[in-house]
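Descriptive structure summary
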6 protein chains.
Amino acid sequence: MTSLPKDSLESPRFCGVPSFMRLPMPATAEGLDAAIIGLPSDSGAPFRTGARFGPNAVRAMSVMLRPINPYRGNINVFEALRVADLGDAPVVPGYEIDSLEWIEQAVRKVVDAGAAPCGIGGDHSVTLAELRAVASKHGPLGLVQFDSHTDTWDKYFAGKRYSAGTPFLRGVEEGIIDPSRSIQIGMRGSLFRDTDVSQSLDLGYEVLTTDDVFDLGFEAVAERIRARTAGGPSFLTFDMDFVDPAAAPAVETPEAGGPNARETLRLLRAIHGVNLVGCDVVEISPMYDGPGQITALLGATVMAELLALMAEGRTAA
Amino acid sequence: MTSLPKDSLESPRFCGVPSFMRLPMPATAEGLDAAIIGLPSDSGAPFRTGARFGPNAVRAMSVMLRPINPYRGNINVFEALRVADLGDAPVVPGYEIDSLEWIEQAVRKVVDAGAAPCGIGGDHSVTLAELRAVASKHGPLGLVQFDSHTDTWDKYFAGKRYSAGTPFLRGVEEGIIDPSRSIQIGMRGSLFRDTDVSQSLDLGYEVLTTDDVFDLGFEAVAERIRARTAGGPSFLTFDMDFVDPAAAPAVETPEAGGPNARETLRLLRAIHGVNLVGCDVVEISPMYDGPGQITALLGATVMAELLALMAEGRTAA
Amino acid sequence: MTSLPKDSLESPRFCGVPSFMRLPMPATAEGLDAAIIGLPSDSGAPFRTGARFGPNAVRAMSVMLRPINPYRGNINVFEALRVADLGDAPVVPGYEIDSLEWIEQAVRKVVDAGAAPCGIGGDHSVTLAELRAVASKHGPLGLVQFDSHTDTWDKYFAGKRYSAGTPFLRGVEEGIIDPSRSIQIGMRGSLFRDTDVSQSLDLGYEVLTTDDVFDLGFEAVAERIRARTAGGPSFLTFDMDFVDPAAAPAVETPEAGGPNARETLRLLRAIHGVNLVGCDVVEISPMYDGPGQITALLGATVMAELLALMAEGRTAA
Amino acid sequence: MTSLPKDSLESPRFCGVPSFMRLPMPATAEGLDAAIIGLPSDSGAPFRTGARFGPNAVRAMSVMLRPINPYRGNINVFEALRVADLGDAPVVPGYEIDSLEWIEQAVRKVVDAGAAPCGIGGDHSVTLAELRAVASKHGPLGLVQFDSHTDTWDKYFAGKRYSAGTPFLRGVEEGIIDPSRSIQIGMRGSLFRDTDVSQSLDLGYEVLTTDDVFDLGFEAVAERIRARTAGGPSFLTFDMDFVDPAAAPAVETPEAGGPNARETLRLLRAIHGVNLVGCDVVEISPMYDGPGQITALLGATVMAELLALMAEGRTAA
Amino acid sequence: MTSLPKDSLESPRFCGVPSFMRLPMPATAEGLDAAIIGLPSDSGAPFRTGARFGPNAVRAMSVMLRPINPYRGNINVFEALRVADLGDAPVVPGYEIDSLEWIEQAVRKVVDAGAAPCGIGGDHSVTLAELRAVASKHGPLGLVQFDSHTDTWDKYFAGKRYSAGTPFLRGVEEGIIDPSRSIQIGMRGSLFRDTDVSQSLDLGYEVLTTDDVFDLGFEAVAERIRARTAGGPSFLTFDMDFVDPAAAPAVETPEAGGPNARETLRLLRAIHGVNLVGCDVVEISPMYDGPGQITALLGATVMAELLALMAEGRTAA
Amino acid sequence: MTSLPKDSLESPRFCGVPSFMRLPMPATAEGLDAAIIGLPSDSGAPFRTGARFGPNAVRAMSVMLRPINPYRGNINVFEALRVADLGDAPVVPGYEIDSLEWIEQAVRKVVDAGAAPCGIGGDHSVTLAELRAVASKHGPLGLVQFDSHTDTWDKYFAGKRYSAGTPFLRGVEEGIIDPSRSIQIGMRGSLFRDTDVSQSLDLGYEVLTTDDVFDLGFEAVAERIRARTAGGPSFLTFDMDFVDPAAAPAVETPEAGGPNARETLRLLRAIHGVNLVGCDVVEISPMYDGPGQITALLGATVMAELLALMAEGRTAA
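Residues numbered from 1 in each chain as written. Chains lettered and ligands numbered in written order. Predicted model: local features only at pLDDT ≥ 70, side-chain atom pairs only at ≥ 80, totals over all residues. Heavy atoms only, no water.

**Description of the interface of chain C and chain A**
Reports often express the size of an interface as the amount of accessible area lost when the parts come together. In plain terms, the rule: The contact definition used throughout considers only heavy atoms, calling two residues in contact when any of these lie within 4.5 Å. Note: buried area is the sum, over both parts, of the accessible area (probe 1.4 Å) each one loses when the two are combined. Should a side-chain nitrogen of Lys or Arg be within 4 Å of a carboxyl oxygen of Asp or Glu, the pair is scored as a salt bridge. Distance and chemistry together define a polar contact, namely a pair of N or O atoms within 3.5 Å, with one atom able to donate a hydrogen and the other to accept it when in protein, and with adjacent residues in sequence counting only for side-chain atoms on both sides.
Contacts between the two partners involve 24 residues from chain C, matched on the other side by 24 residues from chain A. For the pair chain C and chain A, the summed buried surface comes to about 2,000 Å²; carbon and sulfur atoms form 64% of the total. Notably, a salt bridge pairs C:D98 with A:K160, separated by 2.9 Å at the nearest N-O pair. Put simply, chain C and chain A have 11 residue pairs in polar contact (both at pLDDT 80 or more) between them.

Written as structure tokens, this is what we have:
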């Protein structure tokens, strides 16, 4: 079975209610290899909020994307991989812990149906919910995290343990992330404490700063990702603040000095051989985009590249 | 059969891909009393363009609306009237005449299924296509037109007969509008020729300027509408530039000095006893809205009021 | 002791970090009659979020206001009333219940120091926290609520009892609102249930819709407010969505068809003789304002009018 | 001789570099009755700046206007009055006094050629320069000032005598305004000193507040303007902050609570029999407009109404 | 004869109605070497529209540019090349084929007067009209196309042969492009069909992807352009979507991952020895720019570089 | 004594009126090593204005920054350097010369108290005022100027000697800049005269264009800065238009083709061993930023890097 998007050479892309890349919107994930699912929670956001509107903003720009990926041998992603858009998980705004539970349940349905969840956030705390759902089937996961922050703090305001700043400590504590197969890429900028980065190393993560990425080169970084995650299933999480604010202004915690869009895509396109059982693109708060909506377009493009990476893996397998 | 929208006290309104008022999106109009249909064409726009994005902008704001209308006896609109959102008619951008044909065909399917089409434009030329489809079933129609311009010019640039400035001359010429049961409401502002208004009178329309509306009072205007359209089926078309640009900035041809939102809604809520077989809200170009998207919200509210007017009629019948 | 704002005929208003109306910013409320306090929580917001940035947006526009109020006998508000800006209460984003507790504690310090808290929200749930603090000193309060919604629902998503939709049922249940001395003004628009308004009447509130306000006239409404609240201390809460979205686009739940700014101010300026022991202006989410920031300016103007009302009362006493 | 604008039913309004209402742009005012002239100075602005871009913003929106005015007997303004757009006066940004001198010289050329200058500002201090130029030919002028502020302060920051807050005291001192034939209309909002309004009365101006305008009614106000200015030549200055910020957000000193666009235009259209020898529309700072540019459109519409008032006078004469 | 722009060290750049780089605006191209001409048509736009406002947006930002180009030996472009701004070609909005005809006629007048047309679009279909006009004098042209898409599809919606997606197939079919002297530079992103790029190769174009540009280096690409176009007259067309959306958000079909502004300009400045008989910059839709208008500024800068390239050629000749 | 900012892991960054990096706001500079001071003057701006709102825009985004700088050995800047935010210098809008005098006086108080002034502009003319104040204590200063323009013109409009285009000629003339220890970095773009760059060389400055910066490499440029300024105290001035408009759109005179944010920060972080006695970041006009406010964020980040450079110097000393 294949589920193909509408052909934008036949009907204008602005026609119709926008699903991700104009894919079908079935009621369940049955028969799918991968499922787009919106995770519209921003209860974990410590500064800018509004990522609850992220999934639909990404969908609206994703209609500009086309199914064939020339960076992986002109693969038609949707012929290689059965994908659909399942709409959004329900959330409870203002109630972080309940929201994570509801998201976990929604993602678990996708996982239980045999499909890889492809989440569109939402603040970064939603990844913890996804990891819980995916690990319930696949066991401890390798984590590939693109981000300008480690998000491995212990607590945030009022001693709360759940926020966009803590998921990757919680995930290790809960045994759903295998830090020895995990890597954090893109850290940069000023720090709260002098342990902001070392706390990740202490947990067992490999960490590459933004400067490391440019000093090593994209090919070498891609190879490190492959090597680090080898031997098991992995989850790739892409926080849009990995990218420089000039190319991704609409994020919740922008950090000046990141890679631009071309560099980001060239790095993603260099990755091969990672066994992805789930992925997400998070932290898009569309009110902070200008009218050009470039953050949403780049977020959609990143997700399309992740789908192509999955499709390549399936074709290779 | 009833087709109820999602309950926004149960799931947050920002969850899910937005259909009009969170209504179901079936494939056809079968079994419906009324059908929302987007008409995303702006090929008829003589100045500002971008109304191709109007339907989805209205949908996105319509999720804030609720099903019960207190201005018509707390009627639950969707229990009284079976309504759904059918998505958009296809169009051919840059080809005005083809676009009108494609829209007519799409609307004709709605009409043939027995439902009243409720269009969301698109520039005002789309109304001509709707009128053709609706009149093919119901015969010559009474027209209730809210607008700051008469749109009864003969030709526009390069002698073209089809544009947003000509539909209500064309409709009379084509015999699908019955001017003796038609009324134009809201004309104001500077004129191209000194016949801009009299050309409508010459065609047989009744014309009320914006000043007339305030001098007569809303109740009297509503009664004139009822009296004028009595005796047959009617189509109500609402050009958002009827409203003042402060309350509806995102229109294609704004005209300073119109009614505000409260006055507009009070006038619409005063109308009773019109036999509507179709309606539309047109000329919303969302790029010209500010971040508050007040034009789209008001457009959605106007459409909800028109649905309530239809529902009241059905309940009364 | 008086605490006067900087004179904007002496130093430009754009000079310096903006406090409310350029007032001093002491560490505590000691010696004050009234204290501006920001309540930057949006964890109760069911749709649009971002009111956490409301207090500073209002401050930034408030520097345009001047100390003398010609609508109450050219009173110099800050000579009649000792006012200062205390900065913001701390909150816990994403944790609604904790946020309300922290806000209550911060407001209680103001109340305990003998000053009337003048809150700038924040979503409407912050008013519950303020009422708890104020009632702890003054006992059950008369409530004067300007709003397009009653906010007296019992529960919201996931059965949660605390959100921007529930404070004025909770307040009655907690015995801190005296509904027999309370009035809700401005209700309008479509409803979730046909009990949306009657649930307030059943609780004992007087309710005036937006249409009632115009049918009665501003003077009569102001007199009703005075009469209704007579005999005890009152709290006035002003939800910016009372105002039409054309004049206040930057609200969390806009409702088309409200009073404009002139009508709103004329109504507020007609109120006399209410014994205010606290007040607030809430639901400003500045990302939804255009560059003109008209919602923030109007919010600041409303607060300045409430201070003038307090000052008049003190002068009269 | 007539100088007609391009016909927007023949060529689209967006074609070509926009002059005011698509009028010709001759090198001098020879042979003209009235001349549009941009006055792009904002050196007098005490708060928001950017009015240097006002003239071109007004021109860009003015292309939507048409030559025939139905509110004055379907007069074709440009057949009755020879008008052209002379471009902008040069200014010296950051040097208020030099800028006023350069503007005066540019306007004097218009006046000396026998045309009435129709200025587009620029902050309100530019009116002083215009008055100097016009009075050099016509003697002391009656002033009709629409504004929410009196602008009759003596000094501003650093004791400077020239700014947007002082022109109408300076004009009286310089003997170029005859206060006994002058009227200020629209004052409202909070005051710096309790003499902000009485200082105008002391100078001999008649002053109507915004509340006065509504209490008297538009017809009565228009008659007062006619009566007050009778017996000599007058200059009409329209500060856009006369209008409510919802309809005119892009002003330098917005004041909540003014008339809306419909009310403003109805008042202007009620004026007859004023002998205008010059006029202006000032204080438009287009960066504060949203994408709909409603302030610029309203400013252009106001200027078009003033031209129609002049044309009516000429036809009557 | 030289025609110099206004000196922006003498009069502020914001003074006066903006022509391109403040150049004179004569009625015809007589005596000119090159002529700026706006081509405000967006009837060919398949997704975002609004490029009808592109020419004036580019003009408004072009006033920031200065006449001397330090990248080509401090050449004063307007002393070496007689240039003026001829305003806009007329178009027929909503009628793609008529618009192309009208544009062709307007450009033909420029060509017939002996000047090189320098078009500012408008969607990319306008280039077909320009090529027709230029080839009518110079014969089949070498084409240098900067673009992220090939625009060599055969048909678009409804089988239409004319749109922004087809001009460079049509041009080959019509014999006005010589593909053997033509090169397309910048292709990237996802594809509709796996022949999206090969269809250009099959037509005879040389094609360099964005990745090719970076792998070869700017100097090598510039040399390829020179070599490819040698031996005859050429037309250079610059689609702004060649550039990354971070630097050019206001395009009709943005494609993430392109060169930034510095890289783009360095490439253009490396080009020498191309015999340009016409050029254009297209696909700027200014509503999608933020308030900084960076796309319009970059578009103006690109055009200024193309004028410098022409001037260098003339000086060398 | 240390003066530490609020900890943003303890209280949300959006709580409270924003000072720079949430630092304390004492009344004077006593006891400080460095003092942030806003310089809100835009009277020197020749094109875009509005930098008077720059200081508060930078403060609002600076709350996202954290105290520890990993690029200089995880130094805690505020433990190494006593810093506070002193608010803004007063200015006289529209009076350039008076504004410079008032700024000089305010900065002189900082200098006299023994602290290094860290200015936030404001247009670039404010740097002349700072240099006067700093040189009054330290004698002629080495100048490190990041900028796309030399700002060494002699006169601007109307022969005025003081504007944003002249401070670095004036500073040499006044003997407060020692050009032999000074360097200008980042020049690019089109020129007014062919002496725009050579006039700086003639004055004795070293000049590196943007192309030079990339050709030499960041490390080499940083070493040149160290070598050039050796032997005495220096002032570093950072004009935000050094950066490309994609990363810094909100500047007064944008120049396409500059370094991006990552390149800019890498260059700044490579600088060591410069004896800074003052610095500034200027030319931020926040109305030209999109909603993401990326220019303000980058400006705040640049200032934080300059503070770290100072702190490193103090630690080393």
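**Notes on the interface of chain E and chain A**
Our working definition: Any residue outside Ala, Val, Leu, Ile, Met, Phe, Trp, Tyr, Cys, Pro, Asp, Glu, Lys and Arg is labelled polar, Gly included; the first ten of those are nonpolar and the last four are charged.
Counting residues at the interface gives 36 residues for chain E, matched by 32 residues for chain A. Of the roughly 2,900 Å² buried between chain E and chain A, counting both surfaces, carbon and sulfur atoms make up 60%. When the buried surface of chain E facing chain A is broken down by residue, E:F47, E:F157 and E:F192 rank first, second and third, together holding 24% of it. Between the two partners, chain E and chain A, sit five salt bridges. For A:R66, the salt bridge identified is with E:E255, shortest N-O distance 3.2 Å. The interface formed by chain E and chain A contains 10 residue pairs in polar contact (both at pLDDT 80 or more). For the side of chain E that touches chain A, a count of residues per class yields 16 nonpolar, nine polar and 11 charged.

**A few points about the UniProt feature "binding site: Mn(2+) 1" (unreviewed entry) in chain A**
Residue and element names in this part refer to chain A. Note the following rule: UniProt positions are given in the numbering used here, feature names are shortened, and annotations may be inferred rather than shown by experiment. Every helix listed is a DSSP run of H or I at least four residues long, and every strand listed is a run of E at least two residues long, numbered separately from the N terminus.
Residues given the UniProt feature "binding site: Mn(2+) 1" (unreviewed entry) here are D147, H149, D151, D239 and D241. Across 95 residues, the annotated set stays spatially compact, with a maximum C-alpha separation of 12.0 Å. As for its position among the elements, D147 is in the loop between strand 6 (142-146) and helix 5 (167-173). Look past the residues within four positions of D147 in its chain and what remains in contact with it is H124, I185, G186, M187, D239, D241 and F242. Ignoring sequence-local partners within four residues, the contact set of D239 consists of H124, F146, D147, D151, V282 and E283. At 3.1 Å, the side chain of D239 forms a polar contact with the side chain of H124.

**Here we look at the relation of the copies chain E and chain A**
Filter applied, for reference: Copy-to-copy alignment: least squares on C-alpha atoms, limited to residues at pLDDT 70 or above in both.
When chain E is fitted onto chain A, the two copies agree to an RMSD of 0.0 Å after a turn of 120° and an axial shift of 0.0 Å. Here the transformation between the copies is reduced to the relation of a three-fold axis.

**Side note on the side chain of B:E96**
As a reminder of what qualifies: Burial classes: relative accessible area under 20% of the type maximum marks a residue as buried, over 50% as exposed, and values in between as partly exposed (1.4 Å probe, protein chains only). His is not counted, nor are the chain ends, whereas Lys and Arg count as positive and Asp and Glu as negative.
Relative to the helices and strands, B:E96 resides in helix 3 (residues 96-112). For B:E96, which is buried and forms no salt bridge, the nearest opposite charge comes from B:R132, at a distance of 8.5 Å. In this structure B:E96 touches B:S43, B:G44, B:S125, B:Y162, B:S163, E:G94 and E:Y95, once residues within four positions along its chain are discounted.

**Observations concerning the pattern of salt bridges**
According to the stated counting rule, one finds 132 salt bridges over all chains in the structure shown. E:E206 serves as the salt-bridge partner of E:R228, at 3.8 Å between the closest nitrogen and oxygen. Placement of E:R228 in helix 8 (residues 218-229) and of E:E206 in strand 8 (residues 206-209) is noted, with a sequence separation of 22 residues between them. Exposure remark for E:E206: the relative accessible area of 15% places this residue in the buried category. In this structure, F:D215 engages E:R266 in a salt bridge whose closest nitrogen and oxygen atoms are separated by 2.7 Å. Taken together, the residues span two chains, with F:D215 in helix 7 (residues 210-216) and E:R266 in helix 9 (residues 261-270). One salt-bridge network, in which partners are shared between bridges, spans A:D154, A:R161, A:R170 and A:E173.

**Points about the pairing of strand 9 (residues 234-239) of chain B**
Residue and element names in this part refer to chain B. The condition is simple: Each pair of strands is called paired provided DSSP finds at least two bridges between the two strands.
Burial analysis of strand 9 places six of its six residues in the buried class, the great majority of the element. The alternating pattern of strand 9 places S234, L236 and F238 and F235, T237 and D239 on opposite faces, both of which are buried. Judged from the six bridges that link them, strand 9 and strand 10 (residues 276-282) form a sheet pairing that is parallel. Counted as the bridge partner of D239 is V282 from strand 10.

**Focus: the relation of the copies chain C and chain A**
In screw terms, the move from chain C to chain A is a rotation of 180° and a rise of 0.0 Å along the axis, fitting with an RMSD of 0.0 Å. Such a combination of turn and shift is consistent with a two-fold rotation axis. No C-alpha of chain C approaches the rotation axis more nearly than that of C:G94, which lies at 2.3 Å. Same-surface contact between copies: 100% of interface residues of chain C are shared with the interface of chain A.

**A look at the pairing of strand 10 (residues 276-282) of chain C**
Just so we agree on the cut-off: Note on handedness: a crossover is taken as right-handed if, strands pointing away from the viewer, the path from the first strand over the helix to the second is clockwise.
A large share of strand 10 of chain C lies buried, amounting to seven of its seven residues. With respect to chirality, the unit in which strand 9 (residues 234-239) of chain C leads through helix 9 (residues 261-270) of chain C into the neighbouring parallel strand 10 of chain C is right-handed.

**A short note on the UniProt feature "binding site: Mn(2+) 2" (unreviewed entry) in chain A**
Sites flagged by UniProt as "binding site: Mn(2+) 2" (unreviewed entry) map to A:H124. Note on A:H124: relative accessible area 0%, which makes it buried.

**Observations regarding the sheet that holds strand 5 (residues 116-121) of chain B**
Residues and elements named next belong to chain B. Where we set the bar: In this analysis, axes come from line fits to C-alpha atoms, helices being fitted only over the stretch in contact, and the angle between any two N-to-C directions falls in the range 0 to 180 degrees.
Reading across the sheet, the eight strands line up as 4-1-5-10-9-6-7-8 and stay open at both edges, with parallel pairing between neighbours. Because the sheet does not close on itself, it has two edges, and the strands there are strand 4 (83-88) and strand 8 (206-209). Between one strand axis and the next, the sheet turns through 15° on average, direction left out of account. In the sheet, strand 6 (residues 142-146) pairs with strand 7 (residues 183-187) via three bridges, with the strands oriented parallel. When the bridges of strand 7 are listed, F146 appears paired with I185.

**A few points about the environment of C:R181**
All names here are of chain C. Position of R181 among the secondary structure elements: in the loop between helix 5 (167-173) and strand 7 (183-187). The class for R181 is buried, based on a relative accessible area of 10%. Sequence separation between R181 and A60 is 121 residues, and the spatial gap between their C-alpha atoms is 35 Å. A distance of 2.8 Å separates the side chain of R181 from the backbone oxygen of P233, its partner in a polar contact.

**Some thoughts on the state of the cysteines**
This is how the line gets drawn: Our working definition of a disulfide is a cysteine sulfur pair at a distance within 2.5 Å.
What the rule picks out here adds up to zero disulfides over all chains. Among the cysteines around E:C279, which has no disulfide bond, E:C118 carries the closest sulfur, lying 3.8 Å off.

**Here we look at unusual backbone geometry**
The bulk of non-glycine residues show a negative phi, and the bulk of peptide bonds are trans. All names here are of chain A. Cis geometry is adopted by the peptide bond preceding G122, which originates at G121 and carries an omega value of 10°. Assignment of secondary structure puts G122 in the loop between strand 5 (116-121) and helix 4 (126-138). With phi around 55°, M21 is a residue other than glycine that occupies positive phi space. Take M21: it is sitting in the segment before strand 1 (34-39). Among the residues examined, M21 registers a relative accessible area of 5% and is labelled buried.

**Remarks on the sheet that holds strand 8 (residues 206-209) of chain F**
Residue and element names in this part refer to chain F. Strand order in this open sheet of eight strands is 4-1-5-10-9-6-7-8, and the pairing throughout is parallel. Each edge of the open sheet carries a strand with a single partner, namely strand 4 (83-88) and strand 8. Across the sheet, the mean angle separating the axes of adjacent strands is 15° when strand polarity is ignored. One ladder, built from four bridges, connects strand 1 (residues 34-39) with strand 4; its direction is parallel. When the sheet's bridge partners are listed, I36 is paired in strand 4 with D85. Across the sheet, helix 10 (residues 294-316) lies against strand 1, strand 4, strand 5 (116-121), strand 9 (234-239) and strand 10 (276-282), angled at about 175° from strand 10, the strand it touches most.

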